[in-house]
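Next come the chains, spelled out residue by residue.
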Amino acid sequence: MYNVVQPKNIYFGAGALSQIKWVIETIDPRNILLVCGPTIEKLGFVERTLQAMGSYRNCAEIFINPNPEPDIDIVEDCAKQAREARTNLIIGLGGGSPMDVAKGAAVVATHEGGMRPLLGRNLLRKKGIPVILIPTTAGSGTESTQAVVVEDPDEKVKKSIWDPRTMAEAAIVDPELTLEMPPRLTAETGLDALLHAVEGYTSREANPMSRLYALEAMQLIGKYLIRAYQQGSDLEAREAMARAATLAGIGCSNGG
């Protein structure tokens, strides 16, 4: 027996960001927290997202994740802001770091005692605040996994919350948002996705469904990563890599 978990909805394709207002309407929040990184803000993606949100931008606050790697302290700071603002929707916009912060803050905000007691496998007692995830890189696959990966600043090691209740309400995967990635970041994130796919396929906990996702991801990366690296404006290659990263996330996550 096996089960497959993935986001409740995945909106995929060039221009998919335009669907965010409709997605938000299905949740109808009063207060929204948009989590991003400083680079994403400078590139104008925050303003593009706020514009696509329509009137919902008026009830949105912004939390800027300052570090390229998320840690427990940042997640707890974000959760504190979410509680104080009575947030009932969190949007994670960016690479794996701000998306992990968004996912982590969503569950920490609904549990007592901070993040550390939740680290481990299936330790959540209830769902968190609903989350929408919008990747701007094609690598981490965080938008489609049941994991929140952070660094423990005390022990200097990475730890995770692994629980299907961290899964996003919706993932909006718009390859147009990955066109700004420079070649080096394209290569690094692409190899990240490849490793997720290989691990998901070869895991002893893999199943026929998870291997299906992982195999498709490997084939896409093999065909399109070099194209995306050499010609960043190649939307076909960017679309394929965005799809590969999301599929690799599902394959790896469901492969244990």
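Residues numbered from 1 in each chain as written. Predicted model: local features only at pLDDT ≥ 70, side-chain atom pairs only at ≥ 80, totals over all residues. Heavy atoms only, no water.

Novice: Help me out: how do you make sense of the pairing of strand β4 (residues 89-94) in this one?
Specialist: Side-chain positions along a regular strand alternate between the two faces of the sheet. Of all six residues in β4, six are buried, a share of seventy percent or more. Where strand β2 (residues 32-36) meets β4, four bridges bridge the pair, whose relative direction is parallel. Each bridged residue has a counterpart across the sheet, and for valine 35 the counterpart in β4 is glycine 92. Here β4 pairs with strand β6 (residues 131-135) via five bridges, running parallel. Bridging across to β6, isoleucine 90 finds its partner in valine 131. (Buried < 20%, exposed > 50% of the residue type's maximum accessible area, 1.4 Å probe, protein only. Helix = DSSP H or I, 4+ residues; strand = E, 2+ residues; numbered from the N terminus. Pairing = 2+ DSSP bridges.)

Novice: Where do I start with the layout of surface pockets in this structure?
Specialist: Empty space left among the atoms is revealed by rolling a probe the size of a water molecule over them. The space that makes up the largest pocket amounts to roughly 1100 Å³. Residue lining of the largest pocket: 44 residues in total, with Gly95, Gly96, Ser97, Ser140 and Asp192 positioned closest to the centre. It is helix α6 (residues 183-202) that contributes the most residues to the lining of the largest pocket, seven residues altogether. Its boundaries defined by the atoms lining it, the second largest pocket holds a volume of some 240 Å³. If you go around the second largest pocket, you meet 14 residues; those closest to its centre are Asn3, Arg121, Gln146, Ser253 and Asn254. (1 Å grid on protein atoms, 1.4 Å probe; cavity = no way out; pocket = protein on both sides within 12 Å on 5 of 7 lines; lining within 4 Å. Points joined across faces, edges and corners; volume = space filled by probe spheres on them.)

Novice: Sorry if this is basic, but what is going on with empty space enclosed by the protein here?
Specialist: Considering all chains together, one arrives at one cavity of 30 Å³ or more under this definition. For the largest cavity, the calculated volume is near 40 Å³. Lining the largest cavity are Ala138, Thr178, Met181, Thr186, Thr189, Gly190, Leu225, Ala228, Arg238 and Met241. Broken down by secondary-structure element, the contributors of at least two residues to the lining of the largest cavity are α6, α7 (208-230) and α8 (235-254). Split by residue class, the lining of the largest cavity holds five nonpolar, four polar and one charged. (Nonpolar A, V, L, I, M, F, W, Y, C, P; charged D, E, K, R; others polar.)

Novice: Sorry if this is basic, but what is going on with the pattern of salt bridges here?
Specialist: Counted according to the given criterion, the structure contains 15 salt bridges. Residues glutamate 205 and arginine 121 are paired through a salt bridge, measuring 3.3 Å at the closest nitrogen-oxygen approach. Taken together, the positions of glutamate 205 in the loop between α6 and α7 and arginine 121 in strand β5 (residues 120-121) put the pair 84 residues apart, joining distant regions of the chain. For glutamate 205, a relative accessible area of 46% corresponds to the partly exposed category. Residue arginine 121 is classed as partly exposed on the basis of its relative accessible area of 43%. Among the salt bridges present, the one from lysine 159 reaches aspartate 152, with a minimum N-O distance of 3.1 Å. Since its relative accessible area comes to 2%, aspartate 152 is described here as buried. The network of salt bridges with shared partners includes Arg116, Asp152, Asp154, Glu155 and Lys159. (Salt bridge = Lys/Arg side-chain N within 4 Å of Asp/Glu carboxyl O.)

Novice: What's the story with the packing of helix α4 (residues 72-84) against helix α5 (residues 96-108) in this structure? I'm lost.
Specialist: Geometry of a packed helix pair, given as the angle between the helix axes and the separation of the axes. Here α4 crosses α5 at 55 degrees, and the two axes come no closer than 8 Å. Here α4 lies oblique to α5, going by the angle between them. Crossing of α4 over α5 shows right-handed handedness. Every residue of α5 that contacts α4 at Ile74, Val75, Cys78, Ala79 and Arg83 is listed here: Val101, Gly104, Ala105 and Val108. Class assignment of the residues belonging to the contact of α4 with α5 gives a composition of seven nonpolar, one polar and one charged. (Axes fitted to C-alpha atoms, helices over the stretch in contact; angles between N-to-C directions. Parallel < 35°, antiparallel > 145°, perpendicular 65-115°, else oblique. Left-handed = near helix turned anticlockwise from the far one by under 90°. Contact = heavy atoms within 4.5 Å.)

Novice: What am I meant to see in the sheet that holds β5 here?
Specialist: Whether parallel or antiparallel, the strands of a sheet pair through hydrogen bonds between backbone atoms. Here we have three strands laid out as an open sheet, ordered β5-β8-β7, and mixed in their pairing. In this open sheet, the two strands that pair with only one neighbour each are β5 and β7 (147-152). The sheet contact formed by β7 and strand β8 (residues 157-162) spans six bridges and is antiparallel. Among the inter-strand pairings, glutamate 151 is bridged to a residue of β8, identified as lysine 158.

Novice: What exactly am I supposed to notice about the sheet that holds β4 here?
Specialist: Ordered in space as β1-β9-β6-β4-β2-β3, the six strands form an open sheet in which the pairing is parallel. Across the chains shown, the open sheet's two edge strands, defined by having one partner strand only, are β1 (9-12) and β3 (60-64). Between one strand axis and the next, the sheet turns by 15 degrees as a mean value, whatever way the strands run. Taken strand by strand, α8 contacts β1 and β9 (170-173), and its axis lies near 165 degrees from that of β1.

Interpretation note: all reported values are geometric properties and have no functional meaning in isolation.
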